[in-house]
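Examining the three-dimensional arrangement
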Amino acid sequence: MLRAVAIVLLFVLCTGGLSWAGEKAAGDRSISASRAIQLERLVRQDCGSCHGMTLKGGLGPDIRAETLNGKDAEAITQIILNGVPDTPMPPWRPLMTEAEARWIADYLLAGGSK
Ligand code: HEC
């Protein structure tokens, strides 16, 4: 009987602990590992379709860390979200959150190795 109670208690503790961790992850604005993989693919494929497969320029300019260097991560985030009017650079706001655009900006500035 005591053992059964202990097992139930353990179970509640574990599941309670897990759901708490889940809420915390959703509450802060961090990017999950699986979303990071999707964003990385998006940068290579979608951004790469204009900026070149290695991001060193094509229709759009070179956006590797070397050339972006000195640019503010926040400014890059805004360019990604809003695009550049009257140029082919589209706004990505409909497709990603601000936190995700910021992740991409940091990713680019880190040399795509983040
Ligand atoms: C349809 C083509 C196209 C796609 C797709 C595209 N871009 Fe661009 N991007 C451009 C063009 C063209 C410019 C230059 C705009 C200008 O003349 O200022 C640009 C400019 C930029 C700049 C500013 C560079 C600088 O030095 O000022 C950044 C950063 C950027 N793009 C990031 C991205 C990212 C990240 C993605 C993917 C989420 C992306 N772009 C997708 C065409 C594109």
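Residues numbered from 1 in each chain as written. Predicted model: local features only at pLDDT ≥ 70, side-chain atom pairs only at ≥ 80, totals over all residues. Heavy atoms only, no water.

On to the coordination of the iron atom of the ligand, then. Surrounding the iron atom of the ligand are the protein donor atoms His51 (NE2) and Met89 (SD), which sit 2.0 to 2.1 Å from the metal. Each of the six donor atoms bound to the iron atom of the ligand contributes to angles spanning 86 to 179°, and the resulting shape is octahedral. Of this pair, histidine 51 sits in helix α2 (residues 33-51) while methionine 89 sits in the loop between α4 (73-82) and α5 (98-109), and the two are 38 residues apart along the sequence. The class of histidine 51 is buried, set by a relative accessible area of 9%. (Donors = N, O, S within 2.8 Å, 3.2 Å for Na, K, Ca; no water. Tetrahedral: all angles 85-135°; square planar, octahedral: opposite > 155°, others 65-115°. Helix = DSSP H or I, 4+ residues; strand = E, 2+ residues; numbered from the N terminus. Buried < 20%, exposed > 50% of the residue type's maximum accessible area, 1.4 Å probe, protein only.)

The subject of this paragraph is the environment of isoleucine 31. Mapped onto the elements, isoleucine 31 comes out in the loop between α1 (2-27) and α2. Contact partners of isoleucine 31, with chain neighbours within four places excluded, come to Ala36, Leu39, Ala99, Glu100 and Trp103. (Contact = heavy atoms within 4.5 Å.)

Here the focus is the nonpolar core. Leu42, Val43, Ile80, Met96, Trp103, Ile104 and Leu108 are the most contacted members of the largest nonpolar core, which has 19 residues in total. Elements with a minimum of two residues in this core: α2, α4 and α5. The element that contributes the greatest number of residues to this core is α5, accounting for six residues. Contact partners of isoleucine 80, with chain neighbours within four places excluded, come to Met89, Pro90, Pro91, Trp92, Arg93, Met96, Ala101, Ile104 and Ala105. (Core = buried A, V, L, I, M, F, W, Y, C linked by side-chain atoms within 4.5 Å.)

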